[in-house]
Every structure is written in structure tokens, then in C-alpha cells.
Amino acid sequence: MIKIENLKKSFGDNEVLKHVSAIVSPQEVVVVIGPSGSGKSTFLRCINQLETITAGHIFIEGLDTTDKKVNINKVRTEVGMVFQYFNLFPHKTVIENIMLAPLKVRKVSKEQAAQKGIDLLKKVGLAEKANAYPDSLSGGQKQRVAIARALAMEPKIMLFDEPTSALDPEMVGEVLEVMKQLAREGMTMVVVTHEMGFAKEVGDRVIFMDEGYIIEENIPSEIFNRPQQERTKAFLSKVL
Amino acid sequence: MSFRWDIIVEYAPFLLKGTLLTIGLSVSSILIGTFLGLLIGLGKIMQNKALAFPFYCYVTVFRGTPLLVQIFLIHFGIVPLFTGETNAVAAGVIALSLNAAAYIAEIFRAGIQSIDKGQMEGSRSLGLTHTQTMIHVVLPQAFKRMIPPLGNEFIVLLKDSSLLCVIAAPELMYWGKAMGSQYFKVWEPYLACAFIYLFLTLILSFVLNRLERRLKTG
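Attention here is on the structure that accompanies the text. (Residues numbered from 1 in each chain as written. Chains lettered and ligands numbered in written order. Predicted model: local features only at pLDDT ≥ 70, side-chain atom pairs only at ≥ 80, totals over all residues. Heavy atoms only, no water.)

Below, the discussion takes up the overall build of chain B. The helix and strand tally for chain B stands at eight helices and zero strands. Helices (α) and strands (β) of chain B occur, in sequence order from the N terminus, as α-α-α-α-α-α-α-α. For chain B, the spread of C-alpha atoms along the principal axes amounts to about 75 × 45 × 25 Å. Put simply, of all contacts in chain B between residues at least 6 apart along the chain, 74% involve residues at least 24 apart. (Helix = DSSP H or I, 4+ residues; strand = E, 2+ residues; numbered from the N terminus. Contact = heavy atoms within 4.5 Å.)

Here's what the structure looks like:
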């Protein structure tokens, strides 16, 4: 579903991703872990090219999205993204946040977009907040709205960039619950997170990154119980 | 020496005419200046530095030279160059608009750049184009923040329109000066002008305050 070949990304002289290759299969939940500064967020942001990549190729459903001729906006409609700081639009209500992209990009009717929006809000348990503004919501609620907003485009892949890192501890659960439900429904997901519990429980595969490389990848039980690399062991000993 | 109300009354029709022209000059310059300012502001923040450079120069030149000099250049130089004759009102609108556009461009640029870049990313990640994101996400939020500095700029522009008396555009200050030289008086004409300008700027700030409050709740 996603094939990443020799991805490199530099910010000026600082090479953040050095030679990263990975594959994500349909319906797979891949969890990316690693210390801060390891390049895992950059890796995720390269998949939908919020970062312009320095070298390498990213294929999404066989299409080389790094090809200059490919319309990246079109690609992004198939790849939803959820951010650490939600990035909801504060001047729009919850339902307007969700409806914006379907209306402007998919050009669906207002009624259709609104109906879809309400359905998604029900799914994340926030139907009663449809007409509220983001500022009036808690962090956990904001993130659930952000997930609903991404789902409104009916993406084939969902990217999560530390979706619970900015939340108060008591709100982490409600967001993870929505993500677990998505995983159960068969959504293809790439999740950058520090929630090792989530990685163990929901992840089909865990990728450990450090200093711009993928150091190790395996199924969660192997990574967490029998890490092969020294750096993986060192990292896990600190976070578990 | 007594304050001569009678000459103010005598000049009232002219002051009124002048005030109307001042309002006309200011409103048209505000509208044109805001429109140009938006374009120049967007031009200045273009990724392509070569394309942004002319806009950068524009702001530098119009912000870096006195408005009075610009008025003379446009009135005696540029307008005659195109039409063959001078026209104080046209030159006035052009000078005020072009000058205000430079400042307004900076207000727009600052307003747009003050919006968190996560807003752009959030919108682009949904598949909206850069232009769609600007229209639906960034500009609506930036406008709210731009109203107070824009209000300042509009008030400055209204007051600066008085400079146009030096090229004999028959606005408020022009008639004040005429009145002063006819009667060799200082207080009557210039205090009358000052009060009218104050009245106009008060109305303008009232309108802007209302607008700001409406946008805040809406």
C-alpha cells in the first residue's frame, strides 16, 4: 500500500532521514517508535509530503508520489493525517471543520457533507459538539474531532503524528480508543507514538528509529520482548 | 483679539465641501490601498524570492520616502506624464493609495505570518490547495488580527490627506488655509479644521471598533 525507497531528508546541513526504506501493507497498523530527534515525525510527514523530500521514492498504491507530475493534493485526499497539536480551524465550528475538505475538494453537496460529518461525530462520540467551536473543547475532544475531520475525506491510509503527546493523561484513553476502533475496522495506519501500550496491543508491526535510520522492525511481541539491537534495548529499557 | 465665529460661519460651506472631498479622497484611497496592499503583501511572502523581490522593493521605496515627496512626484511628474496635465484630486488618490498600500502590505504580511503554520499543514493534509487554504483557513483568521493595525493605518491616511493642500486639492485643509490667508487668522481656520478631522477620525474608529467586536463573536 505504501512503499518507501531510500528516503532521505535534510534540513540544510542537518540530515534527519538517512536512507529509510519501509513497506506498509493494506490494513496494517505500523507503529513508529524512537527517541525524540530520531526522525520519526519527519518520516511520517514525508509520506504525505508535508516535508519536501531530499531523495528517494514514495509509492502509494503503486503511484510514485515523488514524481513531479503527480498532483500531491490528490494524493493527500487519500492519506489522512492527525497532528500532535490537532490543527483544527479555530474560526470554524466542529462540523464546519469536518465539512470543509469534502465541500471544497470532493465537491459533495452541503447536505451530504453535513450528514457525513454528523455520522463521524457520532462515531467519535461527539455528536452533541457539532456546533461548538474548537476552543470550547478539551484536548481529547479536539483530537477526536481532528480524527473525524481526516476521516471525512474517506482516506485509505491514516497517519498519526504523536496524537496523544499534547494531551492530559486522563484524555489519552479516549483518543486511543477511537484509534483502536479504526484499526479494528481495517484502516491502514502509520502511528508515531510514545504509547508503548498502544503499540503492543494494536500494532501489527513496530518500527524503531534512531538518528535517521530504521534500526529494527518486527512484530510487537518480538520487539518488546526480544529486541535484537543494542540501541533498541537501550531505548526500551528507558521507556518501559 | 476676539475669536471670530462669523468667519467660520462664512466659510462653513467651503469647509463642508472640503470635508466631503477629504472623505472621498480617504475612502477611495483606503479601498484602493487595501486592495493593492493585499496583493503586495501576498507577493512579498511568495516562496520564490525572485518573484517576491519587486514587491519587497515597492514597500521599501514607498515606506522609505516621505509622503510629501511622493505627492509632488506624482502630481507634477507622473500624472502629467500620462495625461499631459496636472490633476490634484487624481494625484492625491494615487499618492495616498500607493503610500498606504506599502504599509497595508506589511499589515497583511504580518497578519498572514502570525497564523500558526499548523493551520496550513492541517488544511493541506486534507488535500486543499495552497490557494484554497489561504482563502478558507488562513485569511479569515488573519483578517481578525489585522483590523486594529488596519484601523490605525486608515486613521493615518485620513489625516495625511491634509498634505494634499500643497498641490491645491480642494480638501478640508486647503479651505482652512484659504480662510487663514484671507483674514490673516490662525486659530479660527486651523482649530475648525482640527475639530473636523478629530470628528472624522472618531467616527472612523467607532466603525472599526464595531467591526472588530462583530468579528470576534462571529
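So, next bit.
This next bit is on the packing of helix α5 (residues 139-151) of chain A against helix α6 (residues 169-184) of chain A. The description of two packed helices rests on the angle between their axes and on the distance between the axes. Residue and element names in this part refer to chain A. Look at α5 against α6: their axes get within 8 Å of each other, and the N-to-C directions meet at 20°. Judged by the angle between their axes, α5 and α6 are roughly parallel. Crossing of α5 over α6 shows right-handed handedness. Within the contact between the two elements, α5 uses Gly139, Gly140, Gln141, Gln143, Arg144, Ile147 and Leu151 and α6 uses Met171, Glu174, Val175, Val178, Met179 and Leu182. Partitioning the contact of α5 with α6 into residue classes produces seven nonpolar, four polar and two charged. (Axes fitted to C-alpha atoms, helices over the stretch in contact; angles between N-to-C directions. Parallel < 35°, antiparallel > 145°, perpendicular 65-115°, else oblique. Left-handed = near helix turned anticlockwise from the far one by under 90°. Nonpolar A, V, L, I, M, F, W, Y, C, P; charged D, E, K, R; others polar.)

Quick look at the interface of chain B and chain A now. The interface of chain B with chain A comprises 19 residues on the first partner and 24 residues on the second. Together chain B and chain A conceal approximately 1700 Å² of surface at their shared face, both sides included; 57% is due to carbon and sulfur atoms. Our enumeration of links across chain B and chain A arrives at one salt bridge. For A:Arg45, the salt bridge identified is with B:Glu121, shortest N-O distance 2.6 Å. Applying the counting rule to chain B against chain A returns seven residue pairs in polar contact (both at pLDDT 80 or more). Going through the elements one at a time, α5 (117-125) and α6 (130-160) of chain B are the ones with two or more residues in the side of chain B that touches chain A. Of all the elements, α5(B) adds the most residues to the side of chain B that touches chain A, at seven residues. Split by residue class, the side of chain B that touches chain A holds four nonpolar, eleven polar and four charged. (Buried area = accessible area lost by both parts, 1.4 Å probe. Salt bridge = Lys/Arg side-chain N within 4 Å of Asp/Glu carboxyl O. Polar contact = N/O pair within 3.5 Å; in protein donor to acceptor, adjacent residues only side chain to side chain.)

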